[in-house]
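# Analysis of the macromolecular model
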Amino acid sequence: MYWAFAPKYRDKYEQLADKEWKFNFMGKLERDAEPKSRGFFCDKYPLHGQFGEPDPDQSTINEFSEQFTRKKYNPTLCSAKESGKPPSNPKNTEPKWVEAEEGEKNLTKGYELNEVITKSILFYEAQRAGPLGDDNRIPWRGHSTLKDGCKVKANLEGGWFDAGDHVKFALPAAFSATLLAWGILDYHPAYEASGELENVVYSIKWELDWLMTAHPSPNVFYAQVGDGDLDHSYWGTPEKMSMERPVYKLTTQNPGTEPTAEAAAALAAGSIIFRQIDAEYSTALLGHALELFAFADRYRKEYHYSIPEVAKFYKSWSGYNDELCWAAGWLYRASEIEYFSETARGYYKSLKCNYASSSISWDDKSLLGE
Amino acid sequence: MAQIFKEDETYRNNVAREADALIIKHNKTPKGLLFNPEISKWGSLRYASNWAYFLLGAARLDPPLPNHKVKYTSLFLYFKK
């Protein structure tokens, strides 16, 4: 038996493939009935029709998630006087990179690719929020957003800022982390050759750390810190911000599939990278990823319904099937649990119901899912 | 998916088809970046580099895509330039 998932059409009656259907979150579909009814269903409900095997093998997943200990809430920073501190001696960043050999330069027509890699990594370091450590390579940046999450007793001070503003949006930030992690996995010899491997790994660790602290219990995820409008009306540095920074929380009553699944993808991809570097950290990443995926998959809702404030900035136009497929694929690659292989394939089919949109962005990962 | 499930031709075929479509259908800037104002007028570099990443991935699939190999290898070299 397959099941179909169609929350948008709840309590609606429809005639589908010669059968009367009542959409009540779950429906069942005879295996024999495919592929005709599946195709039919997909055409009609491209974004919400969902096919997959019924229940996950929960015990295997539990085994993984029991192996890690979640970081406890640490309120130290909340007692600080200011939420930020500008650098005492701000200076311009002076990027340094390993010069390419003559032969490579000829091949790249004089373009210095090591410079590109170095500077793109520095960009993510300039976007850092929270208390900066001694490893900070951006001398004009200081501590910022130290009190993010204090009101809800969560450590949300770290992470990456979104763009030229100072909101923390989990969906695009986690997507960036996933894609960077994929780049590290596929092209680590190139990073190594340019002497930047360590930098890029620690660059994404900054966001991975935040994603983990934004997930303080299995079915809670903080998907946004800061209000887009309030933030955009402030013209200044994050070190000196003083406006209200609301925290937006996703729960079982108020779920949001896209950022939750994307965070699962980022953490799963990160866990593969850190397996060799720090086994304990890698296990924690994977444990969080598994819990986040279960949360995203069981409580599905397009997240701009739960966080209406996000709609102006990062509304999920493409729905959540792409994120679920993408996350399941990454979880399979990281954990090799067979369930995720099935799940990823199942969601992939639902993607193909929809015509491929050919764009790749924080919102639409259907093409990358391939 | 084509990377993870190597044995399943579905994913590889879809990658090949989408890669072809990307190269043929979309406009290119004078220097060769993919650009499609119908998808987004904003963030053209974001889209172009993500597409480039996808094509690089397609070119590097193991085993290489049949029939598409030459094309993507040359494209790969192009992006290396």
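Each chain carries its own residue numbering, running from 1 in the written order of its sequence. As they are written, the chains are lettered A onward and the ligands numbered 1 onward, keeping that order. pLDDT decides what is reported in this predicted model: residues at 70 or higher carry local features, side-chain atom pairs at 80 or more are listed and counted, and totals for whole chains, interfaces and linings draw on all residues regardless.

### What about the overall build of chain A?
Counting secondary structure elements, chain A contains 14 helices and eight strands. Labels follow a simple rule on C-beta atoms placed from the backbone: if 20 or more others lie within 10 Å of a residue's own, it is buried; if 12 or fewer, it is exposed; otherwise it is partly exposed. When each of the 370 residues of chain A is scored for burial, the buried share is 44%. What counts as a contact is two residues whose backbone-derived C-beta atoms lie within 7 Å of each other. Contacts in chain A between residues at least 24 apart in sequence constitute 73% of all its contacts with a sequence separation of at least 6. The secondary structure listing takes helices from DSSP runs of H or I that are at least 4 residues long and strands from runs of E that are at least 2 residues long, numbered from the N terminus.

### Here we look at the packing of helix H8 (residues 257-274) of chain A against helix H12 (residues 321-335) of chain A
Residues and elements named next belong to chain A. Every axis corresponds to a line fitted to the C-alpha atoms, with the helix fit spanning only the stretch in contact, and the corresponding angles, defined between N-to-C directions, vary from 0 to 180 degrees. Where H8 meets H12, the axes come as close as 8 Å, and the angle between the chain directions of the two elements is 20°. Comparing their axes, H12 and H8 come out roughly parallel. In this structure, H8 meets H12 at a crossing whose hand is left-handed. Residues Thr257, Glu258, Ala261, Glu262, Ala264, Ala265, Ala268, Ala269, Ser271 and Ile272 of H8 form the contact with H12, whose participating residues are Glu323, Leu324, Trp326, Ala327, Trp330, Leu331, Arg333 and Ala334. Under this grouping Gly is polar, as are all residues other than the nonpolar Ala, Val, Leu, Ile, Met, Phe, Trp, Tyr, Cys and Pro and the charged Asp, Glu, Lys and Arg. For the contact of H8 with H12, the per-class residue count stands at 12 nonpolar, two polar and four charged. Roughly parallel here means an angle under 35 degrees, roughly antiparallel means over 145, roughly perpendicular means 65 to 115, and every remaining angle is called oblique. Less than a right angle of anticlockwise turn of the near helix away from the far helix marks a crossing as left-handed, whereas a clockwise turn marks it as right-handed.

### Looking at the nonpolar core
Residues and elements named next belong to chain A. Here a nonpolar core is just a set of buried residues of the types Ala, Val, Leu, Ile, Met, Phe, Trp, Tyr and Cys, joined wherever their C-beta atoms sit within 7 Å. Ranked by size, the top nonpolar core spans 87 residues in total, and within it Ala264, Leu267, Ala289, Ala327 and Leu331 carry the most contacts. It is helix H5 (residues 170-193) that provides the largest number of residues to this core, a total of 11 residues. Contact partners of Leu267, with chain neighbours within four places excluded, come to Leu208, Leu211, Met212, Leu285, His288, Ala289 and Leu292.

### Considering the confidence of the model for chain A
Residues and elements named next belong to chain A. A score between 0 and 100, pLDDT records how confident the predictor is in each residue. On average, residues of chain A score 79 in pLDDT, and 76% of them reach the 70 mark or higher. Scored below 50 in pLDDT, residues 22-55 shows 71 contacts in the model against residues more than four places distant or in partner chains. Considering only residues more than four positions removed or in separate chains, one finds that residues 353-359, a stretch of pLDDT under 50, has 21 contacts.

### Looking at H5(A)
Since the α-helix turns once every 3.6 residues, residues separated by three or four places project in the same direction. The angle separating two fitted axes, one through the seven residues that finish at a residue and one through the seven that start at it, defines the bend at that residue. A maximum bend of about 90° is found in H5(A) at A:Tyr187, where proline A:Pro189 lies one to four positions downstream. Just beyond H5(A), the residue with positive phi is A:Gly195, at close to 75°.

### Considerations on the sheet that holds strand E6 (residues 168-169) of chain A
All names here are of chain A. The strand order E6-E7-E8 describes an open sheet built from three strands, whose pairing is antiparallel. Lying at the two open borders of the sheet, with one neighbouring strand each, are E6 and strand E8 (247-250). Pairing between two strands requires that DSSP report at least two bridges joining them. Note that strand E7 (residues 221-225) and E8 share four bridges and pair antiparallel. Bridge pairing in E8 places Gln224 opposite Tyr248.

### Details of the packing of helix H4 (residues 113-126) of chain A against helix H6 (residues 197-213) of chain A
When two helices pack together, their arrangement is given by the angle between the helix axes and the distance between those axes. All names here are of chain A. The geometry of H4 relative to H6 is characterised by a closest axis approach of 10 Å and an angle of 30° between their N-to-C directions. Between H4 and H6, the crossing angle belongs to the class labelled roughly parallel. Regarding H4 and H6, the two cross each other, and that crossing is left-handed. The segment H4 lies against H6, with Ile121, Tyr124 and Glu125 engaging Asn199, Val200 and Ser203. Its residues placed into classes, the contact of H4 with H6 shows three nonpolar, two polar and one charged.

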